[in-house]
Amino acid sequence: MEFLGFSLRNQLFVAPMAGVTDRPFRQLCKRLGAGLAVSEMVTSNSLLYGSLKTRRRADHAGEVAPISVQIAGASPSMMAAAARYNVERGAQIIDINMGCPAKKICNVMAGSALLRDEPLVRQILEAVVNAVPGTPVTLKIRTGWDKNSRNALNILKIAEQSGIRALAMHGRTRACGYSGQAEYETIQAAKAVATIPIIANGDISSPEQAKHVLDTTHADALMIGRAAQGRPWLFREIEYFLNTGTCLPPPRVSEIHEILLEHLEDLYLFYGIETGVGIARKHISWYTRGLVGSAAFRHRMNQLPTIELQRQAVNDFFSALAEYQEHLSYVSMAPSPHAHFEELAA
């Protein structure tokens, strides 16, 4: 796919997710089939530029191009400064967050709260585009603030007039949060009138659903978020299905075991041992959810304080699982191969 001057592997994008789409996760998703991965959002507050968290989020060392960085804030001047800051540190695409539904973001009139103030939306978009004239700027939004104020088409028009090069839309309003089912009609309507690429987001969790969303919305690309947590190989599964119309077999347990161990090592190296252990816990939980014996395993694993014990627990779990089944299989009703973990948790 040709996108904003870059040649991408495909039209499958990793959605920006706070606390998830760090450099190790982005690199892994790209290796396993994603065409583009957008960073977790970086604050526009210049007072935080020196924080360790912000420095990590702006760390793109060794990352496969193009490097897309999402920024969030409500001040046009500060957003412009944040765009320049990140371009100076390697960002090749700047993405503006007007879709985050989190209260702490909306309470400071950032994220999806901005959809209620269309004049401010225009000011922010124009300020950022003008701040980095040599860098494409994209925008991520929701369909509106609530069901009574779906204004995505108005925002699209403002975005096009302001020089935004692509728009990603989550098929829910801010009021919906992540509840219910995403609706794709607004995305379809936007694509029908858009002069820039439209990226569909929301509830894309399987190859079949990915094709359904493309067929329904006619979007130029798909953006996948929560479904890829603990399942980064979802991108190659979707890619294969879109190309062939058939599904890949489930991955081998041994392969996912290896992928998880490599991911953990990248996390330990990126965050340091103390923070890395905590970050690793949530990823281990995501990788194992839905697998037989995983509830008891996670209960035990979440109490392990060192990387050595984490590694050993992961090795024990997947080794036992590999004896039980060759390929990953979820929500099995068969007897668990992890009786010893269940006894420990009892």
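Residues numbered from 1 in each chain as written. Predicted model: local features only at pLDDT ≥ 70, side-chain atom pairs only at ≥ 80, totals over all residues. Heavy atoms only, no water.

1. Examining the pattern of salt bridges
Under the counting rule described, the total for this entry stands at 14 salt bridges. We note a salt bridge from Arg-9 to Glu-239, for which the minimum N-O separation is 2.8 Å. Of this pair, Arg-9 sits in the loop between strand 2 (6-7) and strand 3 (12-14) while Glu-239 sits in helix 9 (residues 234-244), and the two are 230 residues apart along the sequence. Here Glu-239 falls in the buried class, since its relative accessible area comes to 16%. Here Glu-326 ties to Arg-252 by a salt bridge, and the two come within 1.8 Å at their closest N and O atoms. Of this pair, Glu-326 sits in the loop between helix 13 (307-324) and helix 14 (339-345) while Arg-252 sits in the loop between helix 9 and helix 10 (253-271); the two residues are 74 residues apart in sequence, bridging distant segments of the chain. Here the salt bridges do not stand alone but share partners, grouping Arg-26, Lys-30 and Glu-63 into one network. (Salt bridge = Lys/Arg side-chain N within 4 Å of Asp/Glu carboxyl O. Helix = DSSP H or I, 4+ residues; strand = E, 2+ residues; numbered from the N terminus. Buried < 20%, exposed > 50% of the residue type's maximum accessible area, 1.4 Å probe, protein only.)

2. Focus: the packing of helix 3 (residues 76-88) against helix 5 (residues 118-131)
Packing of helix 3 against helix 5 leaves a shortest axis separation of 8 Å and a crossing angle of 30°. By the angle class used here, helix 3 and helix 5 are roughly parallel. Considering the relative orientation of helix 3 and helix 5, their crossing is right-handed. On the side of helix 3, the interface is formed by Pro-76, Met-79, Ala-80, Ala-83 and Arg-84, while helix 5 contributes Leu-120, Gln-123, Ile-124, Ala-127, Val-128 and Ala-131. By residue class, the composition of the contact of helix 3 with helix 5 is nine nonpolar, one polar and one charged. (Axes fitted to C-alpha atoms, helices over the stretch in contact; angles between N-to-C directions. Parallel < 35°, antiparallel > 145°, perpendicular 65-115°, else oblique. Left-handed = near helix turned anticlockwise from the far one by under 90°. Contact = heavy atoms within 4.5 Å. Nonpolar A, V, L, I, M, F, W, Y, C, P; charged D, E, K, R; others polar.)

3. What about unusual backbone geometry?
Most peptide bonds take the trans configuration, and most residues that are not glycine carry a negative phi. For the bond from Ala-65 to Pro-66, the omega torsion is 0°, close enough to zero to count as cis. For Pro-66, the location among the structural elements is in the loop between helix 2 (52-57) and strand 6 (68-72). The phi angle at Asp-203 is positive, at roughly 65°, despite the residue not being glycine. The residue Asp-203 is located in the loop between strand 10 (198-201) and helix 8 (207-217) in this model. Residue classification places Asp-203 among the partly exposed positions, given a relative accessible area of 25%. One non-glycine residue, His-218, lies in the positive phi region at around 60°. Its location among the elements puts His-218 in the loop between helix 8 and strand 11 (221-224).

4. Remarks on helix 7 (residues 185-193)
Buried residues of helix 7: Thr-186, Ile-187 and Ala-190, and no others. The buried residues of helix 7 occupy an angular sector of 100° when projected down its axis, which confines them to one face. For helix 7, the exposed residues set more than 90 degrees away from the buried face come down to Glu-185 and Ala-192. The inward-facing, buried residues of helix 7 contact helix 6 (152-162), strand 9 (166-170), strand 10 and helix 8. (Arc of directions from axis to C-beta.)

5. Brief notes about the sheet that holds strand 7 (residues 93-98)
Pairing is parallel across the open sheet formed by nine strands, whose spatial order is 4-3-11-10-9-8-7-6-5. Each edge of the open sheet carries a strand with a single partner, namely strand 4 (36-37) and strand 5 (42-43). In this structure, strand 5 lies alongside strand 6, joined through two bridges in parallel fashion. Across the sheet, Thr-43 pairs through a bridge with Ala-72, a residue of strand 6. Docked against the sheet, helix 7 engages strand 9 and strand 10, running at close to 175° with respect to strand 10. In the packing of helix 9 onto the sheet, the strands contacted are strand 3 and strand 11, and the crossing angle to strand 3 comes to about 165°. (Pairing = 2+ DSSP bridges.)

These figures come from the coordinates and say nothing about function on their own.
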